[in-house]
Amino acid sequence: MWLIKILLMALFLVFLVQNNSDLVSVWPIPESSLMVGVSVVYLALFCLGYLCGRLSAWSAYAPLRAMVKKQKKENKMLSKEHEKLNLEHEKLNQQITSLQEEAEKNEKANGFSLNKKIKGWFSKPSVEDK
């Protein structure tokens, strides 16, 4: 983008240098006191137009910049909350794993398995059982 701007500015400056023969008076000042080249007027108007355009673009995107800033703040809060919940999830998974291991040890020690009994209630009876 900057390359295009630099190229256009260079072309504009070449145009101004080539067309620097005429002198004009500046409007609010009387004719006889100040005479400037046409290229100076073109350059001043070009710079003024560029600055007005940049200011207009900056003010037009103000609501968008405010919305982006608000969303970044919300994303940061949500990211922190996500990290907290992720840590809590990992702790709960570790607790479940330890409880399952403890239950398996108890089943082996007692010989009674509640899981097997519940699975037996819902399993299809075999041909031998009939």
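Rules used in this analysis
- Residues numbered from 1 in each chain as written.
- Predicted model: local features only at pLDDT ≥ 70, side-chain atom pairs only at ≥ 80, totals over all residues.
- Heavy atoms only, no water.
- Helix = DSSP H or I, 4+ residues; strand = E, 2+ residues; numbered from the N terminus.
- Rg over C-alpha atoms; globule rule 2.2 N^0.38 Å.
- Buried < 20%, exposed > 50% of the residue type's maximum accessible area, 1.4 Å probe, protein only.
- Contact = heavy atoms within 4.5 Å.
- Areas by Shrake-Rupley, 256 points an atom, 1.4 Å probe, with all protein chains shown as cover.
- Disulfide = S-S within 2.5 Å.
- Phe/Tyr/Trp six-rings, centres within 6.5 Å; stacked < 30°, edge-to-face > 60°.
- Lys NZ or Arg CZ within 6 Å of the ring centre and 35° of its normal.
- 1 Å grid on protein atoms, 1.4 Å probe; cavity = no way out; pocket = protein on both sides within 12 Å on 5 of 7 lines; lining within 4 Å.
- Points joined across faces, edges and corners; volume = space filled by probe spheres on them.
- Nonpolar A, V, L, I, M, F, W, Y, C, P; charged D, E, K, R; others polar.
- Axes fitted to C-alpha atoms, helices over the stretch in contact; angles between N-to-C directions.
- Parallel < 35°, antiparallel > 145°, perpendicular 65-115°, else oblique.
- Left-handed = near helix turned anticlockwise from the far one by under 90°.

## Observations concerning the overall build of the protein
Helix and strand content of the protein: four helices and two strands. Put simply, the protein runs from its N terminus to its C terminus through helices and strands in the order α-β-β-α-α-α. Against the globule reference of 14 Å for 130 residues, the protein gives a C-alpha radius of gyration of 40 Å, more extended than a compact globule. The principal-axis extent of the C-alpha atoms belonging to the protein is close to 120 × 30 × 20 Å. When each of the 130 residues of the protein is scored for burial, the buried share is 5%. Within the protein, contacts between residues at least 6 apart in sequence are counted, and of these 31% link residues at least 24 apart. For the protein, the computed accessible surface area is about 12,300 Å², with 64% contributed by carbon and sulfur atoms.

## Focus on the state of the cysteines
With the rule as written, the count across this model stands at zero disulfides. Cysteine 52 provides the cysteine sulfur closest to cysteine 47, a residue in no disulfide bond, and the two sulfurs are 11 Å apart. The partly exposed category is assigned to cysteine 47, whose relative accessible area is 36%.

## Notes on the environment of valine 40
Along the polypeptide, valine 40 turns up in helix H2 (residues 38-60). As a C-alpha pair, valine 40 and leucine 23 span 17 residues in sequence and 9.5 Å in three-dimensional space.

## What to know about the packing of aromatic side chains
In this structure the tally under the stated criterion is two aromatic pairs. Between the aromatic rings of phenylalanine 12 and phenylalanine 46, the centroid separation amounts to 4.5 Å while the plane-to-plane angle is 25 degrees, which identifies the pairing as stacked. Taken as a pair, phenylalanine 12 in helix H1 (residues 2-18) and phenylalanine 46 in helix H2 lie far apart in primary sequence, 34 residues in all. Residue phenylalanine 12 is classed as buried on the basis of its relative accessible area, which comes to 18%. A cation over an aromatic ring shows up here: lysine 5 above the ring of tryptophan 2, its NZ or CZ 4.6 Å from the ring centre.

## What about the layout of surface pockets?
The gaps left among the atoms become clear once a water-sized probe is rolled over them. In this model, the largest pocket occupies a volume close to 180 Å³. Forming the walls of the largest pocket are Trp2, Lys5, Ile6, Leu8, Met9, Phe46, Cys47 and Tyr50. Top element by residues in the lining of the largest pocket is H1. It accounts for five residues. Split into classes, the residues belonging to the lining of the largest pocket amount to seven nonpolar, no polar and one charged.

## A short note on the side chain of serine 39
The residue serine 39 is located in helix H2 in this model. The residues touching serine 39, leaving out its near neighbours within four places in the chain, are Leu16, Asn19 and Asn20.

## Points about the packing of H1 against H2
With their axes 9 Å apart at the nearest point, H1 and H2 run at an angle of 155 degrees to one another. Classified by the angle between their axes, H1 and H2 sit roughly antiparallel to one another. Pair H1 / H2 crosses with right-handed handedness. Of the residues in H2, those touching H1 at Lys5, Met9, Phe12, Leu13, Phe15 and Leu16 are Ser39, Tyr42, Leu43, Phe46, Tyr50 and Arg54. Split into classes, the residues belonging to the contact of H1 with H2 amount to nine nonpolar, one polar and two charged.

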